[in-house]
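For reference, the chains in residue letters:
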There are 2 protein chains.
Amino acid sequence: MSLNANDQCTRNDVYAAMCPCRDMLDLLANKWSALVIGVLEPGPQRFGQLKVRLEGVSPKVLSRTLKRLEEHHLLTRTVYAEVPARVDYELTELGHSASAPLKHLRDWVEANVLSDGPA
Amino acid sequence: MSLNANDQCTRNDVYAAMCPCRDMLDLLANKWSALVIGVLEPGPQRFGQLKVRLEGVSPKVLSRTLKRLEEHHLLTRTVYAEVPARVDYELTELGHSASAPLKHLRDWVEANVLSDGPA
């Protein structure tokens, strides 16, 4: 059997440039995605709450990150008919599932980066 | 006790903008880093071998990724006095340790991305 581009897409190999896995890896193997998903683990949050937790993120980058996560079915965005409008972001089942490897990565980083010394 | 920027750097919190953790997370939560470290798990590889395995990576991006991983002590670069020069990249102990959460992430992606259907 020979492989063509379509076949490549069915073998779920992050090393294959044509595989949709690569796109998902690009999304999740991303600092801001890893941080957003961590904040949403306990439950829904609003944009402003996320912005405060992710120190240093710009509104533009946070919006883009949330939009990509929504497009990949990792979170849902719910607009409530309130004044001012309330918008909640919540992990989907897939998003909750993705939070395990990302927590593993965040925990590894926190455990293995040498601090600058005792406070 | 109040926190200043230096204190922040000692609490190893990826959510803190000033923490060196954030820099390490930025490096590891990166598609190409996750793929490079995976390829180097079994043993040293040359630049050309890495380039073939990481389908679609440009030489410039691969060089930059390898340089950052070396600067963060995740891999070593060894130049052998051969003609043509042979350059090997090899994971350090820290790099091998980092490969576990990254494998977790790659495996999750491969298991959870829906392929386009059977070949």
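First, a word on what this report is: a plain description of the structure on this page.

**What to know about the overall build of chain A**
Alright, step 1. A count of helices and strands for chain A gives 6 helices and 3 strands.
Alright, step 2. In chain A, the succession of helices and strands from N to C terminus is α-α-α-β-α-α-β-β-α.
Alright, step 3. For chain A, buried positions account for 29% of its 119 residues.
Alright, step 4. When contacts within chain A are restricted to residue pairs at least 6 apart in sequence, those whose partners lie at least 24 apart make up 43%.

**Structural notes on helix α3 (residues 31–40) of chain B**
Alright, step 1. Among the 10 residues that make up α3(B), 8 are buried, leaving the element largely enclosed by the rest of the structure.
Alright, step 2. Of the residues making up α3(B), those classed as buried are B:Lys31, B:Trp32, B:Ser33, B:Ala34, B:Leu35, B:Val36, B:Ile37 and B:Leu40.

**A look at helix α6 (residues 93–112) of chain B**
Alright, step 1. The end-to-end C-alpha distance of α6(B), which contains 20 residues, comes to 30 Å, matching closely the 28 Å that a straight helix rising 1.5 Å per residue would cover.
Alright, step 2. Of all bends in α6(B), the biggest is about 30°, found at B:Ala100, and the proline B:Pro101 comes one to four residues later.
Alright, step 3. Of the residues making up α6(B), those classed as buried are B:Gly95, B:Ala98, B:Pro101, B:Leu102, B:Leu105, B:Arg106, B:Trp108 and B:Val109.
Alright, step 4. The inward-facing, buried residues of α6(B) contact α2 (20–28) and α6 (93–112) of chain A together with α2 (20–28), α3, β2 (75–80) and β3 (86–91) of chain B.

**Concerning the sheet that holds strand β2 (residues 75–80) of chain A**
Residue and element names in this part refer to chain A.
Alright, step 1. Strand order in the open sheet formed by 3 strands is β1-β3-β2, with antiparallel pairing between adjacent strands. In this open sheet, the two edge strands, each paired with only one partner strand, are β1 (45–46) and β2.
Alright, step 2. Of the pairings in the sheet, the one linking β2 to strand β3 (residues 86–91) comprises 6 bridges and is antiparallel in character. Each residue of the ladder has a partner; that of arginine 77, found in β3, is tyrosine 89.
Alright, step 3. Across the face of the sheet, helix α3 (residues 31–40) comes into contact with β1, β2 and β3 while running at roughly 100° to β3.
Alright, step 4. Against the sheet, helix α5 (residues 59–71) engages β2 and β3, with an angle of about 110° to β2.

**Details of the sheet that holds β2(B)**
All names here are of chain B.
Alright, step 1. The antiparallel open sheet is built from 3 strands, whose spatial order is β1-β3-β2. One side of each edge strand has no neighbouring strand; the edge strands of this open sheet are β1 (45–46) and β2.
Alright, step 2. Sheet contacts for α3: β1, β2 and β3; angle to β3, the most-contacted strand, approximately 100°.
Alright, step 3. Each of β2 and β3 is contacted by helix α5 (residues 59–71), which is oriented at about 110° to β2, the strand it contacts most.

**Some words on unusual backbone geometry**
Residues and elements named next belong to chain A.
Alright, step 1. The amide bond that connects valine 83 to the next residue, proline 84, takes the cis arrangement and shows omega of 0°.
Alright, step 2. Mapped onto the fold, proline 84 is located in the loop between β2 and β3.
Alright, step 3. With phi around 65°, histidine 73 is a residue other than glycine that occupies positive phi space.
Alright, step 4. Within the secondary structure, histidine 73 is located in the loop between α5 and β2.
Alright, step 5. The class of histidine 73 is exposed, set by 12 C-beta atoms lying within 10 Å.

**Structural notes on the pairing of β3(B)**
All names here are of chain B.
Alright, step 1. As defined by bridge partners, β1 adjoins β3 across 2 bridges and the pair is classed as antiparallel. The residue of β3 that forms the bridge with glutamine 45 is tyrosine 89.
Alright, step 2. Two successive antiparallel strands, β2 and β3, enclose a turn made up of 5 residues.

**Re the packing of α3(A) against α6(A)**
All names here are of chain A.
Alright, step 1. For the pair α3 and α6, interaxial distance at closest approach is 9 Å and the crossing angle is 115°. Where α3 crosses over α6, the two elements pack in a sense that is left-handed. For the pair α3 and α6, contact is made by Ala34, Ile37, Gly38 and Leu40 and by Gly95, Ala98, Ser99, Leu102, Lys103, Leu105 and Arg106, respectively.
Alright, step 2. Split into classes, the residues belonging to the contact of α3 with α6 amount to 6 nonpolar, 3 polar and 2 charged.

**With respect to the packing of α3(A) against α5(A)**
Residue and element names in this part refer to chain A.
Alright, step 1. Viewed as axis vectors pointing N to C, α3 and α5 meet at an angle of 75°, and their least axial separation amounts to 10 Å. As summarised for this structure, α3 and α5 are arranged roughly perpendicular, according to the angle between their axes. Every residue of α5 that contacts α3 at Trp32, Ser33 and Val36 is listed here: Val61, Thr65, Leu66 and Leu69.
Alright, step 2. Of the residues that constitute the contact of α3 with α5, the class distribution is 5 nonpolar, 2 polar and no charged.

Each value, and the rule that gives it
Residues numbered from 1 in each chain as written. Chains lettered and ligands numbered in written order. Predicted model: local features only at pLDDT ≥ 70, side-chain atom pairs only at ≥ 80, totals over all residues. Helix = DSSP H or I, 4+ residues; strand = E, 2+ residues; numbered from the N terminus. Buried ≥ 20, exposed ≤ 12 C-beta atoms within 10 Å, placed from the backbone. Contact = placed C-beta atoms within 7 Å. Expected span 1.5 Å × (residues − 1). Bend = angle between axes of the 7 residues up to and from the residue. Pairing = 2+ DSSP bridges. Axes fitted to C-alpha atoms, helices over the stretch in contact; angles between N-to-C directions. Left-handed = near helix turned anticlockwise from the far one by under 90°. Nonpolar A, V, L, I, M, F, W, Y, C, P; charged D, E, K, R; others polar. Parallel < 35°, antiparallel > 145°, perpendicular 65-115°, else oblique.

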